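This is what each chain is made of:
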Amino acid sequence: MALKVKAQEKLQKIGKYEGTYRYIMMPELYTSLSQDKVIKEAALRSGVSKGIMQACWDAAGEVIKAWATEGHSVALPGLGTMRFGLRAKSVGKVDEVKAGLVTSRRIIFTPNVDLKDELANTAIQITCYDRDGKEVKRVTSSDAGNVEDNENTQPSNGGNTGGGNESNGD
């Protein structure tokens, strides 16, 4: 598995690079998996019937929602914890405190160490597109954190020589 990233050449309209084209990287978005598909897969992996898995899924969702809205940080198995939070304006006097000061309500997710490690060790595949949408290059990492460029045959500062298992899109 690898994280798929696209680098799109875009005109910068503000900031330090205003008026120049720069490659901006962003994760490629996959389709959303339906709840039904997730439940079917979980039932298959656990050996539990789909109906029982659906009931457990629904019950877990209700428990998480109830406890989180009561102010608890709730564990999500194998993933981390989630809790609700908010942003609000501050005021100088207690008389000015009111619910209208809340500017946004948020869901805060804190991943566990194993999930962070899994992400850190996942390869990255970058596909570069020019300003016209034409694919111009591919870059792939084959290990944790070191992105290799197969078009660079000279050793880089990090000692990578480009490797032989990347695709350049040709």
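The paragraphs below set out a description of the structure included in this document. Worth saying up front: this structure is predicted, and the values here are computed from it rather than measured.

What about the packing of aromatic side chains?
Piece 1. All chains considered together, the criterion is met by zero aromatic pairs.
Piece 2. In this arrangement the basic side chain of R22 is found over the ring face of Y17, its NZ or CZ atom lying 3.6 Å from the centre.
Piece 3. Seen from the ring of Y21, R131 lies directly overhead, with NZ or CZ sitting 3.5 Å from the centre.

Some remarks on the nonpolar core
Piece 1. In this structure, V5, A7, I126, C128 and V139 together form the largest nonpolar core, which totals five residues.
Piece 2. Of all the elements in the fold, those that place two or more residues in this core are β1 (2-11) and β6 (123-129).

Focus on the environment of K50
Piece 1. Tracing the backbone through its elements, the reader meets K50 in helix α2 (residues 50-69).
Piece 2. In this structure, the C-alpha to C-alpha distance between K50 and D36, residues 14 residues apart in sequence, is 9.2 Å.
Piece 3. Polar contacts involving the side chain of K50 include one to the side chain of D36, which spans 2.8 Å.

So, a nonpolar patch on the surface
Piece 1. The grouping of V91, V94 and V97 at the surface amounts to a nonpolar patch, some 270 Å² of accessible area in total.
Piece 2. Relative to the elements of secondary structure, V91 occurs in the loop between β4 (80-88) and β5 (102-111).

The rules behind each value
- Residues numbered from 1 in each chain as written.
- Predicted model: local features only at pLDDT ≥ 70, side-chain atom pairs only at ≥ 80, totals over all residues.
- Heavy atoms only, no water.
- Phe/Tyr/Trp six-rings, centres within 6.5 Å; stacked < 30°, edge-to-face > 60°.
- Lys NZ or Arg CZ within 6 Å of the ring centre and 35° of its normal.
- Core = buried A, V, L, I, M, F, W, Y, C linked by side-chain atoms within 4.5 Å.
- Buried < 20%, exposed > 50% of the residue type's maximum accessible area, 1.4 Å probe, protein only.
- Helix = DSSP H or I, 4+ residues; strand = E, 2+ residues; numbered from the N terminus.
- Polar contact = N/O pair within 3.5 Å; in protein donor to acceptor, adjacent residues only side chain to side chain.
- Patch = residues over 30% accessible without salt bridge, like charges linked within 9 Å, V, L, I, M, F, W, Y side chains within 5 Å.
- Areas by Shrake-Rupley, 256 points an atom, 1.4 Å probe, with all protein chains shown as cover.
- Salt bridge = Lys/Arg side-chain N within 4 Å of Asp/Glu carboxyl O.

So yeah, pure geometry; function would need other evidence.
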